[in-house]
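# Survey of secondary and tertiary structure
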Amino acid sequence: MLDAALPPIREERPLVVGWRRLRRNRVTLAGLVIVVLVGLCAIFAPLIAPYPPMQGNPAETLQPPSLSHLFGTDSIGFDVFSRVLYGARIDLLIAFGAVAIALVVGCAIGAVSGFLGRVVDEVVMRVMDMLSAFPSFILALGVVAALGPSLPNLILAIAFVNVPVYARLLRARVLTVREAQYVRAATALGLSRRRVLFVHVLPNSLAPIFVQSTLQAGYAILEAAGLSFLGLGVRVPKPEWGVMINMGLQYIVSGQWWITFFPGTAIALTVMGFNLIGDGLQDVLDPRRR
Amino acid sequence: MTAEPLLEVRGLATWFETPRGTAKVLDGLDLEIGRGEILGLVGESGSGKSVTAYSIARLVRPPGRVVGGEVRLEGRDLLALSEKQMRRVRGKEISMIFQDPRGFLDPVARVGSVLQEIYRTHEGGSRREAKTRALELLRAVGLPAPERVYRAYPHELSGGMAQRAMIALALACSPKLLIADEPTTALDVTIQIQIVRLLASLRDRFGLTILLITHNLSVVAEVCDRVAVMYAGEIVETAPAHEIFSQPRHPYTVGLLGARPRISAVEERLSDIRGRVADLHDLPTGCRFHPRCFLGDERCRLEAPTLRRLDAAHESRCHYAEQLGEDAA
Amino acid sequence: MKLGFYAGRRILLLVPVLLGVTFITFALTRIIPGDPISLIAGPYVSAARKAELRHAYFLDEPFYIQYVHYVGGLLHGNLGTSIVSGQSVAGELSRRFSATFELTTTALLFSVLVGVPLGILAALRRNSWLDGLSRVIGIAGISIPVFWSGLMLSLLLFYKWHVASPPFGRIDPQVGAPHHITGLYLVDSVLTGNWAAFRSAFAAIWLPAFVLGFSVMAPIMRITRQGMIEALDAPPSVALRALGAKPSSIVLRHALKNAMLPVLTMIAIVYGYLLGGSVLVETIFSWPGMGLYVYNSIGSSDFPAIQGFILYATTMYVIVFLLLDLLYLALDPRVKY
């Protein structure tokens, strides 16, 4: 809109640029801090938790938060605080596990589809489209319902639902890279597809894959908690956050809010951490967003 | 020029804040346009022509800012107005058309509806009145099927038709001054001449004053009364059109003219003037043009020339303007 | 009517997708460990009966034959029979359809009516505190688990402060449902002038719809903001300013119209999340829709019901997507069909 002749100017004054970058980093930083904290809770749960997560004291059921039970106790006498800490293990495991599987499988499918092209590509992409036609939570629900509720099945179901995202992402990258001048020239000279994949496509894709993964991790936790809440994931009485909310459901009416409050807050905080990281990264990657 | 100029720009300064520092794109620009005149503003890319246009209409957006000067339209300083007052000026007293007409029209709005909107914003009136006026305007700019254009979306029009539509839009409220920012650059060569002649005829019919910004010298030769040559944010020469071509009095103008290929199909300004456009962050001392100038000497490096009046209608910003005049004649 | 032809083509293209969806849904039964018959018939059935059922359900036939039978059944509107009730799953879902539809659509409306203006404001006040705040609100929305926020808000607003109506169902049973025209209580009560029903239905729906809508507000806000920024920075906005158009018109009439097109696409995507979330929200609020039905079916291991729901909900989603797609086409003058 301005004189096309002007040297390409960024839209900010120097001060504003610095501030904006700092703020963007602050967002990502905040997210990172949260996720790291949660991770630390998960890793060091056995050391930090004052009580074992699956051992309830029948004499101390339904206690409100106090000094001896920071988050109170539930109907079986479990210490909510300890269970929230141990729950971090389960939920982070699900998040990382599901995302890792989806990533590997999805990228593999996408790469194969992009390289082999034509019929294979068409078929694979149609299948991905069909998978994407399902609302993701509902498809995950179906898979776990079929396989039976358990932790591994939950991870598998969530991973399954997330495969198309990675497949599409990588396929698009493969296609773009393949069309690039220098790659076409190199291929004519004998550059193998494998080298194209590992030397050109993958390094280029790392950034969007990473961003996507942080967002998927957050969503995986929500799905896992939701499914477990419904009874389709980790089962009662394991200390998964969604399960804990389910266990505390009936006590809300009688005023024992802490049984559901703290696990829910844990979910919200953790997912927010992942989303902040992903959001901050997206800002850095796509200048149009600011 | 004996009559009061319609537009008087004095000391216009527009600066841009960039990560590399402050680019003083315009830093004391002077310009005058007489009533009913077509003034051509020419120069290479990067000279600041468009910024001048946007500064006059006060459309400069951050990181740019008009930091000083006066822009007097019929004596009234536009830079002193509030934004609200300026909004009434835009479209009604000063109007603008742009380089890529289809790109500058709202893609999801029909041409007619925008025409109506602009007309009614400034002049009020009913929808029917506005529609009548709109069709009138579309006819006046030479569109053979005004009804169809009225109902059309921008992408349905050819480049030439879209530019005519844009002109109609600009003239909807009978402005005094029309600023045309490279109106022909994005068009086919044959259409270019048509559009430019249209502008001239509109000037004749409606007493319009036009500031025509272009790097296309054929266009200048076709319709401009006077020409102002711009380099690195400064006006380096002004003269009546025929004099610019026959008696250029600034080395830069000489270079521009010399570099002009004989074929009139000029799309890109070709410059075999040595060197590159001055970097606005890093201007040379003295005369801004001296590093590329075939005349330049020590004096040019140390002392920045001012825009001097050489005779009744001719000004030049060069220490050696008179010598050039002798050579060229 | 060109749009008609295009719509027809798009609907035809739906067929392979729907077929794929049915196939995947059908395949779900095949991954069930153990004997599928016990899932269809329940555990308390004799061996002889199981053999009968096995034959009746074509389980002694190859996989693809079974699939063909399955699709055949679908075309007759047969989604299977519930183990628990013995009723047709399709019938039970259809009865509950309007409750879920009303909930998800109201949630969507909320999300759009709040999200779009916030997105516009954020675009107008780029990088201000308002922009930052709306971003935080958005992120909070997609991070907070919808079943938890529903619970906490119910707790606060109903149990503690008594400002919300009891989270049990769509309407106060003493007021009674309005005369059935669409099945949507809010609409029906307005259409029949039954204001008591309207008030009661609204009081019942606003909190679950808010909770559900809030969870998807972020993408709507973000895409509105992005679209507005692009439109406001684009050349047409400059030209309009140069012509003296009113700023309100530039923002609301021109920029917004351009920005709304991608928002439409986002709404389609978001609807999927609303459908998924409705399962959780209906459970919390005892909302008598398909989601609650699924929750109960999960509890009783009623797999045919679960499977039927998956297909029903997904078909709903696909149709909504198609409709929004067609709407986009109808609204964007640049698209050629």
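Residues numbered from 1 in each chain as written. Chains lettered and ligands numbered in written order. Predicted model: local features only at pLDDT ≥ 70, side-chain atom pairs only at ≥ 80, totals over all residues. Heavy atoms only, no water.

## Some points on the interface of chain A and chain C
In plain terms, the rule: Working rule for contacts: check all heavy atoms of both residues, and any pair within 4.5 Å makes them a contact. Buried area is a sum: the accessible area each of two parts loses on coming together, probed at 1.4 Å, counted once for each and added. Each reported salt bridge corresponds to a side-chain nitrogen of Lys or Arg within 4 Å of a carboxyl oxygen of Asp or Glu. For this analysis, a polar contact is any N or O atom pair within 3.5 Å, provided that within protein one partner can donate a hydrogen and the other can accept it, and provided that sequence-adjacent residues contribute only side-chain to side-chain pairs.
With 51 residues of chain A at the interface, the matching set in chain C holds 51 residues. Taken together, the two surfaces of chain A and chain C that pack against each other cover about 4500 Å², and 72% of this comes from carbon and sulfur. Taken together, the connections running from chain A to chain C amount to two salt bridges. Of the charged contacts in the structure, one is a salt bridge between R222 of chain C and D279 of chain A, with a shortest N-O distance of 3.2 Å. For the interface between chain A and chain C, the tally reads five residue pairs in polar contact (both at pLDDT 80 or more).

## So, the pairing of strand β9 (residues 226–231) of chain B
Residues and elements named next belong to chain B. Selection criterion: We call a residue buried when its accessible area falls under 20% of the maximum for its residue type, exposed when it is over 50%, and partly exposed in between, using a 1.4 Å probe and counting protein chains only. Think of it this way: any DSSP run of H or I at least four residues long counts as a helix, any run of E at least two long counts as a strand, and we number them from the N terminus. Should DSSP find at least two bridges between two strands, the strands are regarded as paired.
Of all six residues in β9, six are buried, a share of seventy percent or more. Relative to β9, strand β3 (residues 38–42) runs parallel, the two being bridged by four bridges. Its bridge partner lying in β9, V42 is registered against V229. Taken together, the six bridges between β9 and strand β10 (residues 234–240) define a ladder with antiparallel strand orientation. Within β10, the residue paired with M230 across the bridge is I235. The antiparallel pairing of β9 with β10 creates a hairpin that spans two residues between the two strands, and A232 there sits at a positive phi of about 50 degrees.

## Things to note about the packing of aromatic side chains
For the record, the criterion: Think of it this way: a Phe, Tyr or Trp ring, Trp meaning its six-membered ring, pairs with another when their centres are within 6.5 Å, and the plane angle makes it stacked under 30 degrees, edge-to-face over 60, tilted otherwise. Only lysine NZ and arginine CZ atoms are considered, and such an atom sits over a ring when it is within 6 Å of the ring centre and within 35 degrees of the ring normal.
All told, the structure shown has 25 aromatic pairs over all chains when counted by the stated rule. With a centroid separation of 4.4 Å and an interplanar angle of 5 degrees, the aromatic rings of F98 of chain B and F104 of chain B are classed as stacked. Through a chain of ring-to-ring contacts, three or more aromatic side chains come together here, namely F71, F81, W257, W258, F261 and F262 of chain A together with W148 of chain C. Here the basic side chain of K24 of chain B rests over the ring of W15 of chain B, its NZ or CZ set 4.5 Å away from the ring centre.

## Topic: the sheet that holds strand β6 (residues 94–97) of chain B
Residue and element names in this part refer to chain B. We apply this condition: To get an axis, fit a line to the C-alpha atoms, keeping to the stretch in contact for a helix; angles then go from 0 to 180 degrees between the N-to-C directions.
The eight strands are arranged β6-β7-β8-β3-β9-β10-β12-β11 in an open sheet whose pairing can be described as mixed. Since the sheet does not close on itself, it has two edges, and those belong to β6 and β11 (308–311), each with one partner. Averaged over all adjacent pairs, the angle separating strand axes in this sheet is 20 degrees, with direction ignored. Strand direction decides the pairing type here: β3 and strand β8 (residues 209–214), joined by five bridges, are parallel. Residue pairing across strands places G40 opposite L212, the latter belonging to β8. Where helix α8 (residues 189–206) meets the sheet, it contacts β3, β6, β7 (177–181) and β8, and its direction lies at approximately 165 degrees from that of β8.

## Examining the sheet that holds strand β2 (residues 21–34) of chain B
Residues and elements named next belong to chain B. One open sheet accounts for four strands, arranged β2-β1-β4-β5; its pairing is antiparallel. Bordering the open sheet on either side are β2 and β5 (76–77), each of which pairs with just one other strand. Bridging between strand β1 (residues 5–18) and β2 involves 10 bridges; their strand directions are antiparallel. In the sheet register, P5 faces β2, and the bridge partner there is G34.

## Thoughts on the side chain of S278 of chain C
Residue and element names in this part refer to chain C. Counting through the fold element by element, S278 comes out in helix α12 (residues 247–285). For S278, a relative accessible area of 1% corresponds to the buried category. Those residues in contact with S278 that sit more than four places away from it in its chain are T100, T104, L212 and G291.

## Looking at helix α4 (residues 111–123) of chain B
Basically, it comes down to this: To estimate the expected span of a helix, count its residues, drop one, and scale the result by 1.5 Å.
Across its 13 residues, α4 of chain B extends 18 Å between first and last C-alpha, which sits within 8% of the 18 Å expected from 1.5 Å per residue. Taken residue by residue, α4 of chain B has V111, G112, V114, L115, Q116, E117, I118, Y119 and H122 of chain B as its buried positions. Along its buried surface, α4 of chain B packs onto α2 (83–89), α5 (127–140), α6 (146–151) and α7 (159–170) of chain B together with α11 (235–242) and α12 of chain C. Immediately beyond the C-terminal end of α4 of chain B, within one or two residues, lies G124 of chain B, with a positive phi of roughly 70 degrees.

## Here's the deal with the confidence of the model for chain A
This is how it is decided: Along the chain, pLDDT gives the predictor's confidence residue by residue, from 0 to 100.
Mean pLDDT for chain A: 83, with 90% of residues reaching 70 or above. Below pLDDT 50 for its whole length, residues 1–15 of chain A participates in 34 contacts with residues either more than four positions away or in separate chains.

## Let's talk about the pattern of salt bridges
Where charged atoms of side chains with opposite charge meet at close range, the side chains can pair. A complete count under the given rule lists 35 salt bridges over all chains for this structure. Between D233 of chain C and R61 of chain B there is a salt bridge whose closest N-O contact spans 3.6 Å. Of this pair, D233 of chain C sits in helix α10 (residues 217–233) while R61 of chain B sits in the loop between α1 (49–56) and β4 (64–73), placing the two residues on different chains. One salt bridge connects D325 of chain C with R10 of chain C, and the closest N-O pair in it is separated by 1.9 Å. Linking D325 of chain C in helix α14 (residues 303–331) with R10 of chain C in helix α1 (residues 2–30), this pair joins segments that are 315 residues apart in sequence. Residue classification places D325 of chain C among the partly exposed positions, given a relative accessible area of 24%.

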